[in-house]
Amino acid sequence: MKLLRYGEAGSEKPGMLDADGNIRDLSGVVADIDGALFSGPDMDKLRALDPASLPLVDGNPRIGPCVGNVPKFICVGLNYTDHAAETGQPMPSHPLIFAKATSAIVGPNDDVVIPRGSEKTDWEVELAVVIGKKASYVSEEEAMDCIAGYCLANDVSERSFQFDYAGQWTKGKSSDTFGPIGPWLVTPDEVPDPHDLKMYCAVNGHRYQDGSTNTMFFKVAHQISHISEFMTLMPGDIISTGTPPGVGAGQNPQVFLKAGDVMELGIEGLGTQRQTCVAWSR
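Because the structure is a prediction, the values reported are computed rather than measured.

Cut-off values and rules
- Residues numbered from 1 in each chain as written.
- Predicted model: local features only at pLDDT ≥ 70, side-chain atom pairs only at ≥ 80, totals over all residues.
- Heavy atoms only, no water.
- Helix = DSSP H or I, 4+ residues; strand = E, 2+ residues; numbered from the N terminus.
- Contact = heavy atoms within 4.5 Å.
- Phe/Tyr/Trp six-rings, centres within 6.5 Å; stacked < 30°, edge-to-face > 60°.
- Buried < 20%, exposed > 50% of the residue type's maximum accessible area, 1.4 Å probe, protein only.
- Core = buried A, V, L, I, M, F, W, Y, C linked by side-chain atoms within 4.5 Å.
- Pairing = 2+ DSSP bridges.
- Axes fitted to C-alpha atoms, helices over the stretch in contact; angles between N-to-C directions.
- Salt bridge = Lys/Arg side-chain N within 4 Å of Asp/Glu carboxyl O.

**As for the environment of V76**
Here's step 1: If you trace the backbone, V76 turns up in strand β4 (residues 73-77).
Here's step 2: For the pair formed by V76 and T243, sequence separation is 167 residues and the distance between their alpha carbons is 8.9 Å.
Here's step 3: Once residues lying within four places of it in the same chain are set aside, the contact partners of V76 are P95, L96, I97, F98, Q223, I227, I239, S240, T241 and G242.

**Remarks on unusual backbone geometry**
Here's step 1: Following G182, the chain continues to P183 via a peptide bond in cis, the omega torsion being 25 degrees.
Here's step 2: Note the cis peptide between N252 and P253, where omega equals 0 degrees.
Here's step 3: Its location among the elements puts P253 in the loop between β16 (238-240) and β17 (262-267).
Here's step 4: The phi dihedral of L78 is positive, around 50 degrees, even though this residue is not glycine.
Here's step 5: Mapped onto the fold, L78 is located in the loop between β4 and α3 (81-87).

**Comments concerning the packing of aromatic side chains**
Here's step 1: Inspection of every chain in the model, using the stated rule, returns five aromatic pairs.
Here's step 2: Between F98 and W169 the ring centres are 5.4 Å apart and the planes differ by 55 degrees, which places this aromatic pair in the tilted class. Placement of the pair is F98 in strand β5 (residues 96-99) and W169 in the loop between α5 (159-164) and α6 (170-173), with a sequence separation of 71 residues. A single burial state applies to F98 and to W169, both of which are buried.

**Some details on the nonpolar core**
Here's step 1: L127, I224, I239, M263, I267 and L270 are the most contacted members of the largest nonpolar core, which totals 46 residues.
Here's step 2: Contributions of two or more residues to this core are made by β1 (2-6), β4, β7 (112-114), β9 (125-131), β10 (147-154), β14 (198-203), α7 (220-227) and β17.
Here's step 3: When near neighbours in sequence (up to four residues on either side) are disregarded, I239 contacts I74, V76, L127, A128, V129, I131, Q223, I224, I227 and L233.
Here's step 4: Ranked by size, the runner-up nonpolar core spans 29 residues in total, among them L37, I105, V130 and A148.

**So, the sheet that holds β7**
In any sheet, the strands associate via hydrogen bonds between backbone groups, in a parallel or an antiparallel arrangement.
Here's step 1: Strands sit in the order β7-β18-β17-β14-β15 across an open sheet of five strands; the sheet is mixed. Pairing within the sheet leaves two strands with one partner each, and these edge strands are β7 and β15 (206-212). Taking each pair of neighbouring strands and ignoring which way they run, the sheet shows an average axis angle of 20 degrees.
Here's step 2: Note: β7 against strand β18 (residues 271-279), three bridges, orientation parallel. Across the sheet, residue I114 finds its bridge partner in β18, namely A279.

**With respect to the pattern of salt bridges**
Here's step 1: Using the criterion set out here, one finds 17 salt bridges in the structure.
Here's step 2: Between D44 and R47 there is a salt bridge whose closest N-O contact spans 2.9 Å. Taken as a pair, D44 and R47 lie in helix α2 (residues 42-47) at a separation of three residues, close to a single helical turn. Comparing D44 with R47 shows no difference in burial state: the two are exposed.
Here's step 3: A single salt-bridge network, built from bridges that share partners, covers K100, D122, E124, D155, R159 and K173.

**Some details on α7**
Here's step 1: For α7, the tally of buried residues reaches seven of eight residues, placing the bulk of the element in the interior.
Here's step 2: Turning to α7, its buried residues number three or more, namely V220, A221, Q223, I224, S225, H226 and I227.
Here's step 3: Contact partners of the buried residues in α7: β4, β5, β9, α4 (140-143), β10 and β16.

What follows is the structure, encoded as structure tokens:
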């Protein structure tokens, strides 16, 4: 299944994408696409549905974040061998984890705001994993059964905030609009191998990132297992699993985002995003 949320920000309705790429309304079946859905009996109800039996959504509505009411947004840094090489940093001995504020989450095509005082706003196309059931001290063998689905994420980052303002990376990762997710939550049956997906990110038509999840160092099962040793993962939590090379900070000379720039990104089977950068204002 490809599940989504559509409508005005803050008032999104649940939907499903049919085989022809049309949005079908799920609001008569489930309340939302969120942790309560993933951990309850309604997921089985959705699997049994014929999408053609659902009301067709007319027009071209805004697509919202594909998961609502996200409890935690955890990211893994320096997780692609070729990305670590471009930064000049060694691969960490354990997954490098940090938090992105859930207030950063927006829809896949919403504007990205260049924050006040920004000098180095950057892009990062990433595979995100959505947790489907409570996970505490799970083994790698158990980890994949904890996944509700996968989605595309842009781990937008402000490198100056991240590295020059002391403290943890969260400062450079959590500005409003720095967490576009979606367009869809794709269930695991449609992603047979999450470690063999092509991915890209272009800015103003120039493709800077052109990679694959096959260069991921710590695999998805290891990430889930490792993170669950330090915090209980809850249904609806998101883990963003790292980015391939080609970020702005890795260019020579470096390239960073400014108002008016357009990011376009995608992952094989998970859809595409398009964001226009806008200047911060009150």
